[in-house]
Amino acid sequence: MASASATAKAISFSTQSLPLNPKSPLVKSQPFVSFKNLYRSPSPFLGQALRIPHLPLTSLSQHPDLQIRAVDSKPTVLVAEKLGQAGLDLLRSFANVDCSYNLSPEELCSKISLCDALIVRSGTKVTKEVFEAARGRLKVVGRAGVGIDNVDLQAATEYGCLVVNAPTANTVAAAEHAIAMLAAMARNVAQADASMKAGKWQRNKYVGVSLVGKTLAVMGFGKVGSEVARRAKGLGMHVIAHDPYAPADRARAIGAELVSFDEAISTADFISLHMPLTPTTSKVFNDASFAKMKKGVRIINVARGGVIDEDALVRALDSGLVAQAALDVFTEEPPPKDNKLVQHENVTVTPHLGASTVEAQEGVAIEIAEAVVGALKGELAATAVNAPMVPAEVLSELAPYVVLAEKLGRLAVQLVAGGSGIQGVKVVYTSARDPDDLDTRLLRAMVTKGILEPISSVFINLVNADFTAKKRGLRISEERVILNGSPESPIESIQIHMANVESKFASALSESGEIRVEGRVKDGIPHFTRVGPFSVDVSLEGNVILCRQYDQPGLIGRVGNILAEQNVNVNFMSVGRTAPGKQAIMAIGVDEEPEKETLKNIGEVPAIEEFVFLKL
Ligand SMILES: NC(=O)c1ccc[n+]([C@@H]2O[C@H](COP(=O)([O-])OP(=O)(O)OC[C@H]3O[C@@H](n4cnc5c(N)ncnc54)[C@H](O)[C@@H]3O)[C@@H](O)[C@H]2O)c1
Ligand SMILES: O=C(O)[C@H](O)COP(=O)(O)O
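Conventions we followed
Residues numbered from 1 in each chain as written. Chains lettered and ligands numbered in written order. Predicted model: local features only at pLDDT ≥ 70, side-chain atom pairs only at ≥ 80, totals over all residues. Heavy atoms only, no water. Near = heavy atom within 4 Å. Polar contact = N/O pair within 3.5 Å; in protein donor to acceptor, adjacent residues only side chain to side chain. Areas by Shrake-Rupley, 256 points an atom, 1.4 Å probe, with all protein chains shown as cover. Nonpolar A, V, L, I, M, F, W, Y, C, P; charged D, E, K, R; others polar. Helix = DSSP H or I, 4+ residues; strand = E, 2+ residues; numbered from the N terminus. Expected span 1.5 Å × (residues − 1). Buried < 20%, exposed > 50% of the residue type's maximum accessible area, 1.4 Å probe, protein only. Salt bridge = Lys/Arg side-chain N within 4 Å of Asp/Glu carboxyl O. Domains from an automatic or database assignment. Core = buried A, V, L, I, M, F, W, Y, C linked by side-chain atoms within 4.5 Å. Contact = heavy atoms within 4.5 Å. Pairing = 2+ DSSP bridges. Axes fitted to C-alpha atoms, helices over the stretch in contact; angles between N-to-C directions.

1. Here's the deal with the site of ligand 2
So, step 1. Taken together, the neighbourhood of ligand 2 is formed by Arg 121, Ser 122, Arg 143, Ala 144, Gly 145, Val 146, Gly 147, Asn 170, Arg 304, His 352 and Ala 355.
So, step 2. A distance of 2.4 Å is found between an oxygen atom of ligand 2 and a side-chain nitrogen or oxygen belonging to Ser 122.
So, step 3. At 3.0 Å, a side-chain N or O of Arg 143 approaches an oxygen atom of ligand 2.
So, step 4. Protein burial of ligand 2: of its 310 Å² of free accessible surface, 90% is covered by the chains.
So, step 5. Looking at the shell around ligand 2, its residues break down into three nonpolar, five polar and three charged.

2. A few points about helix 19 (residues 441-452)
Think of an α-helix as 3.6 residues a turn; residues three or four steps apart then line up on the same face.
So, step 1. For helix 19, with twelve residues, the first-to-last C-alpha span of 16 Å sits near the 16 Å given by 1.5 Å per residue.
So, step 2. Of the residues making up helix 19, those classed as buried are Leu 442, Leu 443, Arg 444, Ala 445, Met 446, Val 447, Thr 448, Lys 449, Gly 450, Ile 451 and Leu 452.

3. Some thoughts on the pattern of salt bridges
So, step 1. Counted according to the given criterion, the structure contains 28 salt bridges.
So, step 2. Across the pair Asp 149 and Arg 304 runs a salt bridge whose closest N-O atoms are separated by 3.0 Å. With a gap of 155 residues between them, Asp 149 in the loop between strand 5 (140-143) and helix 8 (153-158) and Arg 304 in the loop between strand 11 (297-301) and helix 15 (310-318) connect regions that are remote in the sequence.
So, step 3. Overall, the relative accessible area of 38% leaves Asp 149 in the partly exposed class.
So, step 4. Linking Arg 548 and Glu 609 is a salt bridge whose minimum nitrogen-to-oxygen distance equals 2.9 Å. In this pair, Arg 548 is assigned in strand 20 (residues 543-550) and Glu 609 in strand 23 (residues 608-614), connecting sequence segments 61 residues apart.
So, step 5. Bridged by salt links that share partners, the residues Glu 406, Arg 410, Lys 449 and Glu 453 form one connected network.

4. Concerning the domain arrangement of the protein
So, step 1. As assigned here, the protein comprises domain 1 (76-165 + 363-377), domain 2 (169-349), domain 3 (390-532) and domain 4 (541-615).
So, step 2. The gap between the C-alpha centroids of domain 2 and domain 4 is 74 Å.

5. What about the nonpolar core?
So, step 1. By size, the foremost hydrophobic cluster in this structure holds 54 residues, and its most contacted members are Leu 415, Met 498, Phe 528, Val 531 and Leu 546.
So, step 2. Ranked by the residues each element gives to this core, the list is headed by helix 18 (residues 392-414), at ten residues.
So, step 3. Counting residues domain by domain, this core receives three or more from each of domain 3 (390-532) and domain 4 (541-615).
So, step 4. Ignoring sequence-local partners within four residues, the contact set of Met 498 consists of Ala 412, Val 413, Val 416, Ile 422, Gly 424, Val 425, Ile 451, Glu 514 and Ile 515.
So, step 5. Ranked by size, the runner-up nonpolar core spans 29 residues in total, among them Met 219, Ala 264, Ala 312 and Leu 341.

6. Brief notes about the site of ligand 1
So, step 1. The environment of ligand 1 is made up of 25 residues, and the closest members are Lys 223, Val 224, Asp 243, Val 302 and Asp 328.
So, step 2. One of the backbone nitrogen or oxygen atoms of Met 275 is found 3.2 Å away from an oxygen atom of ligand 1.
So, step 3. Here His 352 contributes a side-chain N or O atom positioned 3.4 Å from an oxygen atom of ligand 1.
So, step 4. Starting from 860 Å² of accessible surface for ligand 1 in isolation, the protein chains cover 86%.
So, step 5. Looking at the shell around ligand 1 residue by residue, the classes come out as twelve nonpolar, nine polar and four charged.

7. Looking at the sheet that holds strand 18 (residues 525-531)
So, step 1. Strand order in this open sheet of six strands is 15-14-16-17-18-19, and the pairing throughout is mixed. Among the strands making up the open sheet, the edge pair consists of strand 15 (475-482) and strand 19 (534-539). The mean angle between the axes of side-by-side strands here comes to 20°, regardless of whether they run parallel or antiparallel.
So, step 2. The pairing of strand 14 (residues 424-431) with strand 16 (residues 493-498) spans six bridges and is classified as antiparallel. From the neighbouring strand, Lys 426 faces strand 16, where its bridge partner is His 497.
So, step 3. On the sheet, helix 19 packs against strand 14, strand 15 and strand 16 and is oriented at approximately 135° with respect to strand 14.

Next comes the structure, spelled out in structure tokens:
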């Protein structure tokens, strides 16, 4: 058995070559897809996006084929609800834009397989059927607004489709609308207006209530809630808030006190709702909670209709427990014509207008267009809803490690003997960085991609990597080995360990019997540096042949000759041995995939005990 103290000597046969083959059929077909395949892009988000790492753009643009493709291969964005002009202009500068409003679910499903991105507001349901109908082409759904309860996030994740939203541009508009509803309700503005338009003059009927000195409970102290609180303070109201996840000091800074749910609803004169619709908040305002409220309470809902049990609210209004309600949102939108809340004389309604100001819609359109274009370019979106957000500077630092992680995953899985069944994979990072300073989610996703893509038909990216691994029963654990010294590079090495599997290349097994491969980044290029107990050194740019042999003079030349006879270009070769004249591992980097016959000839060289061809 080989010892773990194997040493490596690297023999360079040629320098790094551009992995571009202009004659590749991939360049001719599927133009948008081809870039990823040509450049082996890490495309952490969107595997089919144009993303060209490490390569000078000038050399690409000089290639005639690529110039044509770059022009031809604009993605298509379907805008399914009205979007501000500035956002449309931005989208059109990058993509073909199809504005088709009021599509039926069937029409949406039939169009979607021709689209790379879809932009919606709250009026379009993006269901599992939509993702199924997209047949893998849809890469990003942009929600031009905050609430993503109309998008099936689980299905999006399962299909590897990124969901981004525009979380900030309509905050003030929604807060202003809540305040407008609050004041209009307190002074019966809508009812009095309707009465006058009907020819009446009813001054006694529409006596209102004052806001100053009253207690307002803000339920959900996020972006909109805190802006509502700030404005209510300006109206002289006493503001309390309930939000299990909001920091107390942020509330205090605005002059609001965070209290429990029961305390908020039982002491308030006005209750304004600003939480998202989730399984926990669904119908959280129901008979039981109305019963705890002060008699004559007034409720404003500019969040989501589903947080209120609407039948219970009708009962509470009819009994006088709730004096008035002001509603911008409804469980079903638009609500049926005979909806009792809409018709109720103590209820003021607007048709989901919270975000509908000219300014907010322009802002939202730009915010979502930037997010969608960025995502289509393969960048990580700051407003990703179903994927970890990795800041741009972290991404650029990790770029070569992202490639390394994927290629190590690919190497490791190809070393597994058929029928072994992989269950557990451990990824070990050695680094001098403080663990809190090293975000490995992207690397883990790429290891998963490397392992699963060669053995399945799934397309894996940062969005669906964990989900897909889990679904396939593949457990990926991570371990950090902290090195002493200064953390100049984020990672020293990445190792992949696969336990309880057999290997088709016995030398890949470590002393503990697990498949082990290791890689490092050298001068920005990912290298394969260890297999089992053997040190090797091959840049991970083409494909790799691993041979185990008895170290003897002339062997490297013999294998090199076999490859040269078949016109296979060797780009790198290294030999790791236990001691002179003992067992050694020869790792050969080759640009092309050798013919079967060539590989057979290598295997028949007497000193070679085993070998394996690994495709990267
Ligand atoms: N009517 C409109 O046109 C309109 C416009 C903008 C936003 N909205 C809706 O308003 C809501 C708030 O938007 P935002 O931008 O402030 O979102 P946000 O994420 O900034 O704030 C939501 C807050 O709710 C809190 N929360 C979560 N669960 C809670 C619970 N069980 N009880 C109390 N608080 C809880 C969160 O901690 C968070 O602080 C969303 O539902 C959004 O869709 C509606
Ligand atoms: O969640 C939101 O952003 C608001 O409800 C606005 O929805 P809209 O874009 O459909 O107006």
